[in-house]
Amino acid sequence: MTIIDVIEKKKLKQELTTDEISFFVKGFTDGSIPDYQMSALLMAILLNGMTDRETFDLTNAMLRSGDVVDMSALGGIVVDKHSTGGIGDSTTLALAPILACCGVYVAKMSGRGLGFTGGTIDKLESIPGFDTALSEKEFFEVVKRVGCAVIGQTANLAPADKKIYALRDVTGTVNSIPLICASIMSKKLASGSDTILLDVKYGSGAFMPDPESALELAKKMVAIGALAGKRIGALITDMQQPLSDHVGNSLEIVGIVDVLNGKQNRLYHEIKEVAIRLLALTGKYTLKTAEAAFQEAIDSGRALNKFAEMVTAQHGDASYVLHPDKFEIGSKDVVVADRDGYVTGMVAADIGRAVTHMGGGRMQKTDVIDFSVGVIMKVQLGSKVNKGDVLCEVYHNGKGLQEAKRLIQNAITITKTKPAEHKIAYAYVHKDGVELF
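Residues numbered from 1 in each chain as written. Predicted model: local features only at pLDDT ≥ 70, side-chain atom pairs only at ≥ 80, totals over all residues. Heavy atoms only, no water.

### A closer look at the overall build of the chain
Helix and strand content of the chain: 17 helices and 14 strands. In summary, the chain has a C-alpha radius of gyration of 21 Å against a globular reference of 22 Å for 437 residues, a match within 12%. Along the three orthogonal principal directions, the C-alpha set of the chain runs to about 65 × 45 × 40 Å. Across the 437 residues in the chain, those meeting the buried criterion constitute 59%. Summed over all atoms, the accessible surface of the chain reaches about 16,800 Å², with 52% contributed by carbon and sulfur. Taken together, the 48 basic and 52 acidic charged side chains of the chain have centroids lying 2 Å from each other. (Helix = DSSP H or I, 4+ residues; strand = E, 2+ residues; numbered from the N terminus. Rg over C-alpha atoms; globule rule 2.2 N^0.38 Å. Buried < 20%, exposed > 50% of the residue type's maximum accessible area, 1.4 Å probe, protein only. Areas by Shrake-Rupley, 256 points an atom, 1.4 Å probe, with all protein chains shown as cover. Lys, Arg positive; Asp, Glu negative; His and termini not counted. Charge placed at Lys NZ, Arg CZ, Asp CG, Glu CD.)

In structure tokens form, the structure reads like this:
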């Protein structure tokens, strides 16, 4: 077979065989299939979809492209959480130390920015010295000693996904359910955790536009995980506005420190929901005891200290976590309300794009991130504002400022009518069904 045959077949909306899927995954991974042909196939998949069997085969082919990590040597429960991404979604950075304080291991492998969303690894690298490329031996040593560690996806862990992930980011093929499903689950199954919670976002700041499509993605991923013998569940959560008040790499670390210090904003409540569900999935906690353990980790200060401990163990300067005012932040500008009323809508994706225009994200694979730029939101959906009130603070170094301010101004809708309150979580998916909230 040839890659052109495979592209033509998918272009005609035909189902690919297991062998054809293995062929293109192997060929792109080893370099025999070039970027331009793989881009054409990814677009055909985006436009024409994949069956459940094709998606399962794609996940397996990507999983088999590299190593599978064995976490059994840790001798305890190893948990993992994955978010499908969104604006200001820095939950991993707080969850890891909180969960470690609750007696489970968090051995997390995360990605960089994709599309208009920020990446966990980019955020962590804004901490001076932080090493996201630990050797496997050192990674395990840190997890065993500290209870948590977060590194980038290793070269040998689902290398097919690493190459496809980077190509999707720059070819407009991010928001395909089969591609998202295979990307996430190949990494999750290869990373060795026995308990997995998926945080599937929907809304203007996520890849899934509505709760129905997010639910479809969640069901597919939970089914694949259950077939692989994992304890797995998925929360469907709202991303119709930035999750954190802070958007941008260094700024999101500042926002995480706020949460670990007990600031009860939207990000805090999201992290709490995810932590409780994940702890309950382990079988070690009920929902009630999980909530108590979460609260104690925050209130006692142990979670913040654990975060600092993880940073130190990964060669970072923990003083930036304990004293976040040390972060170098760009020059401040503001976006103000042009009328009286209530904030009734946000195009969260455009707030993410604004940060990207200022250098806080990638438009090409080779772009270098400016950690110091970003946005601090001063309003959320439902906020009452008067003309001239500050909607957000914009931190910049000159690049793309006017376009960023234009995007943000147009992204925030102000009307006379107060909107209904937004729920953070829409549903919970497990192997036996769906629980709607």
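Read on, since the account is not over.
### Things to note about the packing of aromatic side chains
What the rule picks out here adds up to four aromatic pairs. Arranged with centres 5.7 Å apart and planes meeting at 65°, the rings of Tyr268 and Phe294 form a pair that is edge-to-face. Residue Tyr268 is found in helix H12 (residues 266-281), and its partner Phe294 is found in helix H13 (residues 287-299); the two are separated by 26 residues along the sequence. Just as Tyr268 is buried, Phe294 falls in that class too. Judged by centre distance (5.1 Å) and plane angle (65°), the rings of Tyr320 and Phe327 are edge-to-face. Geometry around Phe28 places Lys163 over its ring, the cationic atom sitting 4.6 Å from the centre. (Phe/Tyr/Trp six-rings, centres within 6.5 Å; stacked < 30°, edge-to-face > 60°. Lys NZ or Arg CZ within 6 Å of the ring centre and 35° of its normal.)

### Structural notes on the pairing of strand S4 (residues 195-202)
S4 sits mainly inside the fold: eight of its eight residues count as buried. Of the two faces of S4, the one holding Thr195, Leu197, Asp199 and Lys201 and the one holding Ile196, Leu198, Val200 and Tyr202 are both buried throughout. Across five bridges, strand S1 (residues 78-83) lies against S4 in parallel orientation. From the neighbouring strand, His82 faces S4, where its bridge partner is Leu198. (Pairing = 2+ DSSP bridges.)

### Details of helix H1 (residues 3-11)
Along H1, the positions that sit buried rather than exposed are Ile3, Val6, Ile7, Lys9 and Lys10. For H1, the arc enclosing every buried residue in end-on projection is 165°, short of the 170-degree limit, so these residues lie on one face. Those residues of H1 that are buried are in contact with helix H2 (18-30), helix H3 (35-48) and helix H4 (52-63). Once H1 finishes, Lys13 follows within two positions and takes phi at roughly 65°, a positive value. (Arc of directions from axis to C-beta. Contact = heavy atoms within 4.5 Å.)

### Notes on the nonpolar core
Judged by nonpolar contacts, the single largest core of 100 residues is most densely connected at Phe139 and Leu198. Looking at this core element by element, the count peaks at nine residues for H12. If we skip the residues at most four places from it in the chain, Phe139 touches Met71, Ala107, Lys108, Met109, Leu134, Ala149 and Ile151. (Core = buried A, V, L, I, M, F, W, Y, C linked by side-chain atoms within 4.5 Å.)

### Some details on H12
An ideal rise of 1.5 Å per residue puts 22 Å on 16 residues; H12 measures up with 23 Å between its terminal C-alpha atoms. Extensive coverage of H12 is indicated by the burial of 13 of its 16 residues. Of the residues flanking the end of H12, it is Gly283, one or two places downstream, whose phi is positive at about 85°. (Expected span 1.5 Å × (residues − 1).)

### Topic: the packing of helix H5 (residues 91-101) against H12
Packing of H5 against H12 leaves a shortest axis separation of 10 Å and a crossing angle of 45°. Judged by the angle between their axes, H5 and H12 are oblique. Crossing of H5 over H12 shows right-handed handedness. Taken together, the residues of H12 that come into contact with H5 (itself represented by Thr91, Ala94, Leu95, Ile98 and Leu99) are Leu267, Glu270, Ile271, Val274, Ala275, Leu278 and Leu279. Broken down by class, the residue content of the contact of H5 with H12 amounts to ten nonpolar, one polar and one charged. (Axes fitted to C-alpha atoms, helices over the stretch in contact; angles between N-to-C directions. Parallel < 35°, antiparallel > 145°, perpendicular 65-115°, else oblique. Left-handed = near helix turned anticlockwise from the far one by under 90°. Nonpolar A, V, L, I, M, F, W, Y, C, P; charged D, E, K, R; others polar.)

### Side note on the pattern of salt bridges
Taken as a whole and assessed by the stated rule, the structure comprises 29 salt bridges. Residue Asp238 pairs with Arg266 through a salt bridge whose shortest N-O separation is 3.1 Å. Taken together, the positions of Asp238 in strand S5 (residues 231-238) and Arg266 in helix H12 put the pair 28 residues apart, joining distant regions of the chain. Of the two residues, Asp238 and Arg266, both sit in the buried class. A salt bridge links Asp432 to Lys431; the shortest N-O distance between them is 3.5 Å. The exposed category is assigned to Asp432, whose relative accessible area is 63%. Since its relative accessible area comes to 62%, Lys431 is described here as exposed. Several salt bridges share partner residues, and in doing so they unite Glu15, Arg53 and Asp57 into one network. (Salt bridge = Lys/Arg side-chain N within 4 Å of Asp/Glu carboxyl O.)

The quantities given are spatial measurements derived from coordinates; they are silent on function.
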